[in-house]
Amino acid sequence: MNIRTASLRDLDAIAAVEAVCFPPAEAADKDAFRRRLTVYPDHFWLLWEGDTLVGFVNGMVTQGPDLCDEMYDNADLHDETGSWQMIFGVDTIPAYRRRGCAALLLNRAISDAKSQGRKGLVLTCKEPLLHYYAKFGFVNEGISQSVHGNVRWYQMRLTFS
């Protein structure tokens, strides 16, 4: 397996993975990914096995400390000099789940954010995944202000010391 950052050439594969990983109300559409890939392709970490995109992690960088819903659709909020790496999605196709793929991607995103001098990473997740992200050092900050997809989200933060 190989991890690399993305380019617009990866748009169709990214959109297809997202569509199988999230319900329609929560999934980013192809146009949202096109905007994101145009502005911050180096903040997409793609895991490939041969010609198959197994999963990916993506998100923008910002000075703001909290992940807000506007960030999902407004790629222009990305600030390459920002302090916080936001994580919008951790996607793994069903056939590759429970094999450590998401962990590989998260560890790479964490490592890159640290080497880029960020303060840390922020993500939101549903309650059943709180324990999973805690394994990586993320701390639950409680219910997020996000109403994305009409779901209750919890904000989690990994702060570098």
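So, here is what we can say about the structure in this document. (Residues numbered from 1 in each chain as written. Predicted model: local features only at pLDDT ≥ 70, side-chain atom pairs only at ≥ 80, totals over all residues. Heavy atoms only, no water.)

Observations concerning the packing of helix α1 (residues 11-21) against helix α2 (residues 30-39)
Test applied: Axes here refer to lines fitted to C-alpha atoms; in helices the fit is confined to the stretch in contact. Angles between the N-to-C directions go from 0 to 180 degrees. Comment: elements are numbered from the N terminus, with helices defined as DSSP H or I runs of at least four residues and strands as E runs of at least two. Each angle is binned into one of four classes, with values under 35 degrees roughly parallel, values over 145 roughly antiparallel, values of 65 to 115 roughly perpendicular, and all other values oblique. By convention the crossing between two helices is left-handed if the near helix lies anticlockwise of the far one by an angle smaller than a right angle, and right-handed if it lies clockwise. Contact criterion: two residues are considered in contact whenever any of their non-hydrogen atoms come within 4.5 Å of each other.
Between α1 and α2, whose axes approach to 10 Å, the crossing angle comes to 130 degrees. Considered as vectors, α1 and α2 are oriented oblique to each other. The element α1 and its partner α2 pack so that their crossing is right-handed. Contacts between α1 and α2 involve Leu-11, Asp-12, Ile-14, Ala-15 and Glu-18 from the first element and Lys-30, Phe-33, Arg-34 and Leu-37 from the second.

Describing unusual backbone geometry
Short version of the rule: Exposure is judged per residue with a 1.4 Å probe applied to protein chains only, and the accessible area is read against the type maximum: over 50% gives exposed, under 20% gives buried, and values in between give partly exposed.
A positive phi angle, close to 65 degrees, is found at Arg-98, a residue other than glycine. Inspection of the secondary structure assignment puts Arg-98 in the loop between β6 (89-92) and α4 (101-115). Residue Arg-98 is classed as exposed on the basis of its relative accessible area, which comes to 86%. The residue Asn-150 is not glycine, and still its phi comes out positive at about 55 degrees. With respect to the helices and strands, Asn-150 occurs in the loop between β8 (139-143) and β9 (154-159).

Focus: the packing of aromatic side chains
Rules: Here the aromatic set is Phe, Tyr and Trp, taking the six-membered ring for Trp, and pairing holds for ring centres within 6.5 Å; pairs whose planes are under 30 degrees apart are stacked, those over 60 apart are edge-to-face, and all others are tilted. Charges are assigned to positions over rings by a cutoff of 6 Å between ring centre and Lys NZ or Arg CZ, combined with an angular limit of 35 degrees from the ring normal.
Per the counting criterion, the structure on display carries 8 aromatic pairs. Ring centres of Phe-44 and Phe-56 lie 6.4 Å apart, and the angle between their planes is 25 degrees; on these two criteria the pair is classed as stacked. Of this pair, Phe-44 sits in strand β2 (residues 44-49) while Phe-56 sits in strand β3 (residues 52-58), placing them 12 residues apart in sequence. On the basis of relative accessibility, which here comes to 0%, the residue Phe-44 falls in the buried class. Between the aromatic rings of Tyr-72 and Phe-88, the centroid separation amounts to 4.9 Å while the plane-to-plane angle is 50 degrees, which identifies the pairing as tilted. Residue Tyr-72 is found in helix α3 (residues 70-73), and its partner Phe-88 is found in the loop between β5 (84-87) and β6; the two are separated by 16 residues along the sequence. You can call Phe-88 buried: its relative accessible area is 12%. Through a chain of ring-to-ring contacts, three or more aromatic side chains come together here, namely Phe-33, Tyr-40, Phe-44 and Phe-56. Lying across the ring of Trp-84, Arg-157 places its NZ or CZ 4.6 Å from the centre.

Without other data, these values stay purely geometric and don't point to any function.
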